Structures are given as C-alpha cells and as structure tokens.
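# Examining the three-dimensional arrangement
What follows is the residue order along each chain.
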Amino acid sequence: MIEGVLWAIFAGLMLGLYALPEKFTKGFMYENTWSLFFLLTMFVVPGIVSVALIKGFGDIFGNMPSDIWIKMGLASFLWGIGVMMWSKAINYIGLSLGFSIFIGTVILVGSLLPFIVDGLPPTNVLLFIGIGILVVLLGIVLNGKAGLIREKDEAKSDGNQEADTSQGSMATGISIAVIGGLLATGFSYANAVGRPYLHQASVAQDNADWITAVAIMFPIFISGGIVMTAYFLWQLNKKSAWGHFKTSSLGKNMFLILIMAVFHYAASALFAYAASKLGASGNTVGYAIFNTASVATAIVSGILTNEWVRASPKARKILYAGLCCMIVGILVIAYGNGQM
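Anyway, here's the lowdown on the structure attached to this text. (Residues numbered from 1 in each chain as written. Predicted model: local features only at pLDDT ≥ 70, side-chain atom pairs only at ≥ 80, totals over all residues. Heavy atoms only, no water.)

With that settled, the discussion passes to the side chain of Thr105. Structurally, the position occupied by Thr105 is in helix α4 (residues 66-118). Given a relative accessible area of 6%, Thr105 falls into the buried group. A polar side-chain atom of Thr105 sits 2.8 Å from the main-chain carbonyl oxygen of Ile101. (Helix = DSSP H or I, 4+ residues; strand = E, 2+ residues; numbered from the N terminus. Buried < 20%, exposed > 50% of the residue type's maximum accessible area, 1.4 Å probe, protein only. Polar contact = N/O pair within 3.5 Å; in protein donor to acceptor, adjacent residues only side chain to side chain.)

For the rest of this paragraph, the subject is the nonpolar core. Grouped burial of nonpolar side chains is what soluble globular proteins tend to show. Tyr18, Trp34, Met72, Trp86 and Phe99 are the most contacted members of the largest nonpolar core, which has 96 residues in total. Apart from residues lying up to four places away in sequence, Phe99 is in contact with Leu15, Gly16, Tyr18, Ala19, Trp86, Ile90, Gly104, Ser294, Val295 and Ala298. (Core = buried A, V, L, I, M, F, W, Y, C linked by side-chain atoms within 4.5 Å. Contact = heavy atoms within 4.5 Å.)

Quick look at the pattern of salt bridges now. Taken as a whole and assessed by the stated rule, the structure comprises 4 salt bridges. Between Arg150 and Glu154 there is a salt bridge; the shortest N-O distance is 3.5 Å. A residue pair is termed a helical-turn pair when its members lie 3 or 4 positions apart in one helix, as Arg150 and Glu154 do in helix α5 (residues 123-157) at 4 residues. Comparing Arg150 with Glu154 shows no difference in burial state: the two are buried. (Salt bridge = Lys/Arg side-chain N within 4 Å of Asp/Glu carboxyl O.)

All right, on to the packing of aromatic side chains then. Counted under the stated rule, the structure contains 22 aromatic pairs. The interplanar angle of 80° and the centroid separation of 5.5 Å between the aromatic rings of Phe28 and Phe245 together place this pair among those described as edge-to-face. You can see Phe28 sitting in the loop between α1 (2-17) and α2 (30-53) and its partner Phe245 sitting in the loop between α9 (211-238) and α10 (250-277), a full 217 residues away along the chain. As far as burial versus exposure is concerned, Phe28 and Phe245 are alike and both buried. (Phe/Tyr/Trp six-rings, centres within 6.5 Å; stacked < 30°, edge-to-face > 60°.)

Let us look at the environment of Val136. Take Val136: it is sitting in helix α5. According to the relative accessible area criterion, Val136 is buried, its value standing at 1%. Along the sequence, Val136 and Leu108 sit 28 residues apart, while their C-alpha atoms lie 6.9 Å from each other.

The structure is reproduced here in structure tokens:
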C-alpha cells in the first residue's frame, strides 16, 4: 500500500514537471519545441518502451479486433487534440494555470462519464462524488479568476503599454485549457474499450498485470500522435519555423525536449504500476493522488519560475485557494468512488 502511494506521488511529480524544461529552450518557436516533443512522446518513446517490455508484442496487436482499433483510434484522436490544446494553454497562461484548469476539467468530466455509461451509483456514493465535483469546479473557477487578476496586474506593471494587445489572452488560454480537458477525456474511453482485450492478451503472453497499461498506451499514443503531427507540420510551414531548428542550441534543446517526452510518458506508466500496487482502490485513490501531486507540482514550478512574480497578493491567494479546493475535491471524489 505504502509503495503504491509513493509511486503515485512520484508519477504525479513527473507529470507536473514534464513541461518545465520548455522554459529553458533557446532559439525555438513554440512550434519547434512542441512538434519535437509530440514526435518523441507519441511515437519514439512509446514504440521503444512497448517493444522492449511487452512479451508477444506482435501477436497481441496483430490479433486485436478491428472494432477495438477503430474505437480506440477515434477516442485517442480526440485525446490528441486535447493534449495539443493543453500545450497551447501552457504557452498562453503558464504551467500553474495550464495544469490546474486542464487537469481539473479532466477530473470533473471523468467523474461524470461513468454515470452516463453505467447509470447513477448508490445515494451515499453519489453524494460524496457530487460534493467533490462541486469543490473541484470551485477550484477551477478560482484558478481562472486568479489568472485574470494576474493578467491585469502584469498590464499595470507594464504601465498599460500592453493592456490592449494582451487583453483576452488569459481568457483565451483558459478557454483552450477547458476545451482541451473536455477532449482529453477520450483517453478514458479508449482505455475502457481496449483494456478487456489487451489485459487478457497480455496476461496470456505471460506479462505482469501492470504491463497491460503499457499495452493500452501504445495504440492511444500512436493514434493521438497522428493529429499532432499533422497540426505541427501545418504550423511549421505556415509560420516558416523550419529555419529555427538550425540554432546553435539545437543539441541542448533536443535534450531538454527528450526529458519532457520521457517524463510525460513515464508518468502514465508509473501511475499504472502504482495503481496495481494499491489493490482494489488503485484506480480511484491512486488517480486522486496522481493528479493532486501533478497539479501541486506544476503550480509550485510556475511560482518558482516567476510566472506569478508580478501578480498581486490577492491573485496568489486566490490561486492557493483554488489549489486547495482541487486537492480536497479530488480526495472526496476518490473516497466516494472507493465506497462502490
């Protein structure tokens, strides 16, 4: 149990830190950084890890029914759009808000999806989950408000010189994070559709239980990566950004982006391992710990890298209140799910 909790926390730390190296790349436009990131995290890293860890890789995926491929592919396509929008939101509003609003939306919608598919749970479970959802929603609203106040504070510190041109950028970033979070719930659907077959096929090849998660992530990441590749090829051409790859910092940038890709993928794999160590409550309690740790890490990282250095004390207090609400809400949802 303790081992599972520690691995869930560590996985959350990795997810919360994955985008941090992006702040230290030089000579790259947004399109250069994130196109390389998605190439590595969606294709290269999952491909190498899956082939290396999954026994009977070819048999498992070669025999997977076509209807499962199609359902997982379409849901993962939407997830890919959501993750791509997440990267855009981080670029607009920073790590702190980008993570908290995106993850908060994923948790909010992800908690409601089972009701749509399976119907309402018992009254006592519904009560806890309902309260948790409301508290998470309050946290999202508070974080959004903190971001809007921060934008006004930054405009004032600039002597209003950029007030007109930057007006709406924070609201745009928040909207992108929310919509991205909604689309990213496609991951949960793809997981639900693929897990029964992939778990049975994986175990039949003498793989450990946690390898099932690695197997599930392979088609999800590959399918989600297709939309990202198409988008960034278009953006690189549209903004004539190809030339920015010829920077003297290319080697350093690629190393930093590789760290981003490994952290992003490893976070999901480690969460799956943590859930397997937590027993029956792994997918509920483990998910709560994982997301709480990731959001808290991202907010702290954003503060330490001066995202909020020009924000007023009021903005920071509202941000902290929003984070506290999200943590409490996630834990309440996990407790409610654990009662089923």
